[in-house]
Structures are given as C-alpha cells and as structure tokens.
Amino acid sequence: MLISSSAFSQEPTRFTLLDNAATNVHFNNTIKDSNEANILIYANFYGGAGVGVGDFNNDGLQDLYFAGNIVPDKLYLNQGNMVFEDATERSGIKQDGGWSTGVTVADINNDGFLDIYVSRELHDKKPEWRTNLLYINNGNGTFSESAKAFGVDNSERTRHSTFLDYDNDGFLDLFLLTQPPNPGSYSEFFGTDLKSKEYHLKLLKNTGNGSFVDVSQSAGIDLTGFPNGVCASDINNDGYTDIYVANDFDAPDFLFQNNRDGTFTNIADAAIKHTSYYSMGVDIADINNDALLDIFVVDMVAEDNFRLKSNMSGMNPDSFWKVVDEGGGYQYMYNTVQLNNGNSTFSDIAQFTGMAATDWSWSNLIADFDNDGLKDTYVTNGLLYDIRNTDADKNVASLVNKTTYDYLQNNPDGGNLNSIWDILNIDEVIALLPSQPLKNYAFQNKGNLNFENKRSEWGLDQESFSNGAAYADFDNDGDLDIVVNNINQEAFIYRNNSERMENANYLRVRLVDEGNKPVLGSKVTLHTSKGIQYQETTNVRGIYSTSEQLVHFGLGNIDQVDSLTINWPNGKTTVQRNIEPNQTLAFDMNDASKD
C-alpha cells in the first residue's frame, strides 16, 4: 500500500494530554497542611507520590496504580483505547489513612500475576500508617494485603523500593529505601542524628517459600543516607545486578557493586568523580548506543537566574569542603549524567548534554519517546510551595516570633501551651510561601550526546507540581505513553502520537518464563544497519514509580532488524535474525539455549 507524503503534512504534536473525563482517570494527590501534619513538621510534606504500571489482569493492557499521600491509593484497569476503569473498591486495596509514596510492581511469588508493593512514610507517631503494604494478586481481579505474612511489613519510613534477583536464584528479593525521620524545623527529630545506623537501608532476601529475611548487614548494604531514588541494573555487565541509590542532602550517592557471593561493595568513590548534592530520581540506560549502561540523576537547581537566586542558597565553599572532609565525596548542585567508560568508572557529561539544570526535579525517565533509535529523557519538577525562598523564610520566622511574643505578653506564665500549633495558624504560615507550578522537561536525543529541550514542540509543557512518572504503551500502538502523578491536580496521561508520524518504526519485546521465574535483569541487544541498541529489563525508574517491563526499541526508518540477542538471567541466550519492524515479539526463557 502506497501512502503519499501529503498524508503526513498535518502531523500532530508528539504527545497529546488526554482529558481526564475521557480516560476516566481522576486521581488527584491532594495535599493540604494541617496542625497535625505540615511542612514545618515534615520537610518532605510536598514530596508527592508515584505511580506503578503493570498488566494486573493479564489481558495485554497496561494498568495503573497511583499512590496517594493523604488521599487513598487508586487502581485503574485499562479498558483499551486509553480508557481506564477505577477498580479500587472491589480490588481489596486498603484505605487506612497511611501516607503512600512509592509503588513497585513485580511478581514476587512466581505465580504469573503481578503483585504491588507500596512504600509508606511520614507519620512519626503512627507507625501503623507508615507500614509498607504488599498486595498479592489473587488472579481474579482482587488483591490480598499480605505484607506481614511475607515479612515485608517494614514501618521505618520507606520512600521507595525495588525488586531484584541479586543472587540469581530465581526469586525476586526486595531492596528498601528506608529513611531517617524527615524533620521540619518544628519536628521533635529536628537536630537529632539522622545518619544513625538504625536508619540504614534494607535488603530482604526471598526464601522462595513465601517469606523474606533481612540480610542487610551480611550483604553489606546497611548504610544510612537520605535515599530518594533507586535503580537496579548490571552496571559492569558481569551477570549480577548492581544497585544505585540517589541520596538527598549531604549523604553521598551509593553504587553497590554485586560481588557475586551474596554481598555488595559500595564503589561510588572509585567509580564516580562527583555526584549531585540533592539527588532525587535516578534512571539507568544506554544513552549513546555503545552497549554500556549510563546513570542519570536529577537535582533541584533552577534553569533561570531569578529562581536560582531566590530559592537556593548556592554552593557554600566551607560547607562543600566540610562534606568532602566527612566522607561525603564531591557533590555539586546539578543533575549528573554519568557516562559509562566501560572500565567501572563514569564521567559526568550533564553540562555538555544541556540537561544539568531542570529546577526542583523529581522523576527522570530515559526512553525512546520519538522512535528514532535514540533514547530521550523526561523530567518532572515543581514544588507546591517554595519552602527555600529566602524572603518567605524570613517572613515565616517573623510571623512565628511575633505570634510567640504576643502570646507570652498576654500569658507571662506560659499558660497551658502544649505546642506551637496551639497558637500558630498554619494557614497564615502557608500564605507567606510562594507557589509557582512549573513545566516539566522533555529532551530529545539528537545523537553525539546532544539533547534538546522539546517540551513545547512535543506538547509536554503544561505547568504543574509533578512528582512520580512512568512510561508504557497503554494503547498498544508501538510508542511510549507517559503517566504523571501530580499534587493538587489530576494525573496527566499523555498519548504518544508517533505512530502517526514518519520514520517511527519500532520493535517491542516481551520476555516471559514458562515457570514464572523472574526475567528482570535480562539484556537485549539489537543489531541494525545503523548500529546497535542495548537495553536491560528493570522497571523501577525515576522516583517513587514503576514503568512497563517490556523492552521498547525505536527504529526510525529502518525496515529490518538484522538480529536480536537476549541474554537471560539464567545464563542462556536467545538469538533471532531478520526481523520485520512494527510488532511485539514474545520470547520464553525456557526456549533459550546455553552459550
């Protein structure tokens, strides 16, 4: 069939933001400060939450699970054509008032159905509200909350988690971003030692019999930081999954190299010359098609000078060297794009790529959004109130001081004051803080490590307070759509229109195992006339969120793939040659052969 070039003369934008009434997804992560919980008690009160993607009912369509901080979590089942059904009420999802942050999706019991692990935090005085939840998929549209039964009911404040088979035994283990308290200036934990050993990261080994055991200490990952994001990938391509942890504040990022004996070694100091300071989200993928995995970490530095000067204090030399002297490494307040040198070291090229400053960033995703064979990036950003605004900070301090002074003038004996919240109106405090929604970023990979901000041209320039984000092909048309969890605004679902554009061929690969063994960690290499593409299957990307587990390759105008090679976690290999584009192929690990 011949199609004239005029058929493409009225190309749409790359993405279309779908109306929530059309998708039936009305999730809104509504946040409001109160005397019991607010930004002055919890510094991460405006941190937002994530979204998880997975085909929960095995109908071939990717579904959605949204985490809510104050509002209840929601489960939406994909009905096709970008329409979703709210299945929360009948699914068995728990609604207990807890503060959900992260969503992790994986089949943890090897029964062929995706389960959901929800990371929870915040509430200092209500550990039951910050206890993590595990929803075991019953295979009939319902879930059973089973965290305690499986031994994963951690209540130590978990920002997010990832499943990985770190010992290659065919069972997915669980890595937790356990947090110290996140105190605001009026928290009882303010000024305490937040790097205490008791707050260390957790690694829970899957025993294979329906339970997990804590191996954090013996595995060597029991370090304490301020973890925001995690990505599990085989950085050095030795067949064992490594772990990168993005840490906030002065805690250095961790790069845990898998020693292949059940233990890890943090090699960050030797592998990475410097890191971001306020490390937020992290994603790992091959950005330059050299078959080496690169690391992208986002920070919170503004692109324009006004926001840079009004909201952040900048890098104080004395503070910088204090961090270095205390073992925190060289940390700079910029995003980092760590290019893999192929020798267990990395070089930061963020400034060269043009992706060093994306404001108060949260989630970052690396994927080929325009199907041209080069992986692009998407970054969410925005903070509900500018809590680091220097003028507002002074005004808040003045209000607190005046309120306290006036009260003591009228009550010289102190009265019956139990806390500052007996006299301080939180709404008056919040009214002093600026609130500016921001546009998210979308960078098109132009090749040769050059990236161009295309958010306006691609239709991704809506202002928002966006946090967790994920990608998936929700309508099975061969391009990657995007879902975003927003604060005080309904979630974004962007339909990718690449299938209606020229030079947007693709190939998608679905990896399975007949016995339902995990296939996370599989490596897929594509050879075409234009070179190679390389991907590893991991699904926790960015911050708080889980993207689809399928492998997606953009092909541009390539009309035949020379070969596809899959290196499975069990050491076997699958090779297929002379593949037509624009299809989804399924491969079973059981059909693979030994090298």
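What you see is a predicted model, and the numbers here were worked out from it, not measured in a lab. (Residues numbered from 1 in each chain as written. Predicted model: local features only at pLDDT ≥ 70, side-chain atom pairs only at ≥ 80, totals over all residues. Heavy atoms only, no water.)

Novice: Can you explain the overall build of the protein? Please cite residues and give values.
Specialist: Along the backbone of the protein there are 10 helices and 42 strands. Against the 2.2 N^0.38 benchmark of 25 Å for 595 residues, the protein shows a C-alpha radius of gyration of 24 Å, consistent with a compact globule. Principal axes of the C-alpha set define a box for the protein whose edges measure 85 × 55 × 50 Å. Every one of the 595 residues in the protein was classed for burial, and the buried ones make up 58%. Pairs at least 24 apart in sequence give 61% of the contacts found in the protein among residues at least 6 apart. (Helix = DSSP H or I, 4+ residues; strand = E, 2+ residues; numbered from the N terminus. Rg over C-alpha atoms; globule rule 2.2 N^0.38 Å. Buried < 20%, exposed > 50% of the residue type's maximum accessible area, 1.4 Å probe, protein only. Contact = heavy atoms within 4.5 Å.)

Novice: Break down helix α9 (residues 390-410) for me, citing the residues and quoting the values.
Specialist: Look at α9: 31 Å from first C-alpha to last across 21 residues, which is about the 30 Å you get at 1.5 Å a residue. All of the buried residues in α9 are A392, V396, L399, V400, T403 and Y407. Down the axis of α9, the buried side of the element spans an arc of 95°, and every buried residue falls inside it. The outward face of α9, more than 90 degrees from its buried face, is lined by the exposed residues D391, K394, N401, K402, Y405 and Q409. On its buried face, α9 is in contact with α10 (426-430). Where α9 begins, the capping side chain belongs to N389, and its oxygen is found 3.1 Å from the backbone nitrogen of D391. (Expected span 1.5 Å × (residues − 1). Arc of directions from axis to C-beta. Polar contact = N/O pair within 3.5 Å; in protein donor to acceptor, adjacent residues only side chain to side chain.)

Novice: With reference to specific residues and values, describe helix α7 (residues 317-325).
Specialist: Residues F320, V323 and V324 constitute the buried set of α7. For α7, the angular spread of the buried residues around the axis is 100°, confining them to a single face. Those residues of α7 that are exposed and aimed more than 90 degrees away from the buried face are D318 and D325. The inward-facing, buried residues of α7 contact β21 (331-332).

Novice: Lay out the packing of aromatic side chains in plain terms, naming residues and giving numbers.
Specialist: Both the distance between ring centres and the angle between the ring planes are used here to describe each pair of aromatic rings. Scanning the model with the defined rule gives 27 aromatic pairs in all. Aromatic ring contacts, followed pair by pair, group F15, F369, W458, Y471, F492 and Y494 into a single cluster. We note K517 situated over the ring of F171; from NZ or CZ to the ring centre the distance is 4.2 Å. (Phe/Tyr/Trp six-rings, centres within 6.5 Å; stacked < 30°, edge-to-face > 60°. Lys NZ or Arg CZ within 6 Å of the ring centre and 35° of its normal.)

Novice: Lay out the pattern of salt bridges in plain terms, naming residues and giving numbers.
Specialist: Tallied over the full model, the rule gives 24 salt bridges. Linking R120 and D96 is a salt bridge whose minimum nitrogen-to-oxygen distance equals 2.8 Å. Placement of R120 in strand β7 (residues 115-120) and of D96 in the loop between α2 (88-91) and β6 (100-106) is noted, with a sequence separation of 24 residues between them. R120 sits in the buried class, given a relative accessible area of 2%. Of the charged contacts, one joins R260 and D238 as a salt bridge, the two residues approaching to 3.9 Å between their closest N and O atoms. Within this pair, whereas R260 is found in the loop between β16 (254-258) and β17 (264-266), its partner D238 is found in the loop between β14 (227-233) and β15 (242-247), the two being separated by 22 residues in sequence. (Salt bridge = Lys/Arg side-chain N within 4 Å of Asp/Glu carboxyl O.)

Novice: Lay out unusual backbone geometry with the relevant residues and their values.
Specialist: Of note, the phi angle at N81 is positive, near 60°, even though the residue is not glycine. With respect to the helices and strands, the residue N81 is situated in the loop between β4 (74-80) and β5 (83-86). Taking relative accessible area as the criterion, N81 reaches 72% and is therefore assigned exposed. If you check the backbone angles, L449 has positive phi at about 65° while not being a glycine. Within the element layout of this structure, L449 appears in the loop between β27 (441-447) and β28 (450-453). Exposure remark for L449: the relative accessible area of 18% places this residue in the buried category.

Novice: Could you give me a rundown of the domain arrangement of the protein, with the residues and numbers involved?
Specialist: Splitting the protein by domain gives domain 1 (20-389 + 433-500), domain 2 (392-430) and domain 3 (505-591). Distance between the C-alpha centres of domain 1 and domain 3: 23 Å. Between domain 1 and domain 3, the residue contacts involve 68 residues of the former and 31 residues of the latter. Summed over both partners, the interface of domain 1 with domain 3 buries about 3,600 Å², with 52% contributed by carbon and sulfur atoms. At the junction of domain 1 and domain 3, the tally comes to three salt bridges. Taking the shortest distance from any N to any O, the salt bridge between D473 and R508 comes out at 3.8 Å. Remark: the boundary between domain 1 and domain 3 carries 27 residue pairs in polar contact (both at pLDDT 80 or more). (Domains from an automatic or database assignment. Buried area = accessible area lost by both parts, 1.4 Å probe.)

Novice: Break down the sheet that holds strand β10 (residues 158-164) for me, with residues and values.
Specialist: Across the sheet, four strands lie side by side as β10-β11-β12-β13; this open sheet has antiparallel pairing. Two strands in the sheet have a free side with no partner beyond their single neighbour: β10 and β13 (212-214). Neighbour-to-neighbour, the strand axes of this sheet turn through a mean angle of 25°, independent of strand direction. The pairing of strand β12 (residues 202-206) with β13 spans three bridges and is antiparallel. What sits directly across from K205, in β13, is V213. (Pairing = 2+ DSSP bridges. Axes fitted to C-alpha atoms, helices over the stretch in contact; angles between N-to-C directions.)

Novice: Which residues make up the environment of S498, and what are the values?
Specialist: In this structure, S498 sits in the loop between β32 (492-496) and β33 (505-512). Here S498 falls in the buried class, since its relative accessible area comes to 0%. Expressed as a C-alpha distance, the spacing of S498 and T13, which sit 485 residues apart in the sequence, is 8.7 Å. Ignoring anything within four residues of it in the chain, the contact list for S498 reads R14, F369, D370, N371, D479 and A504.

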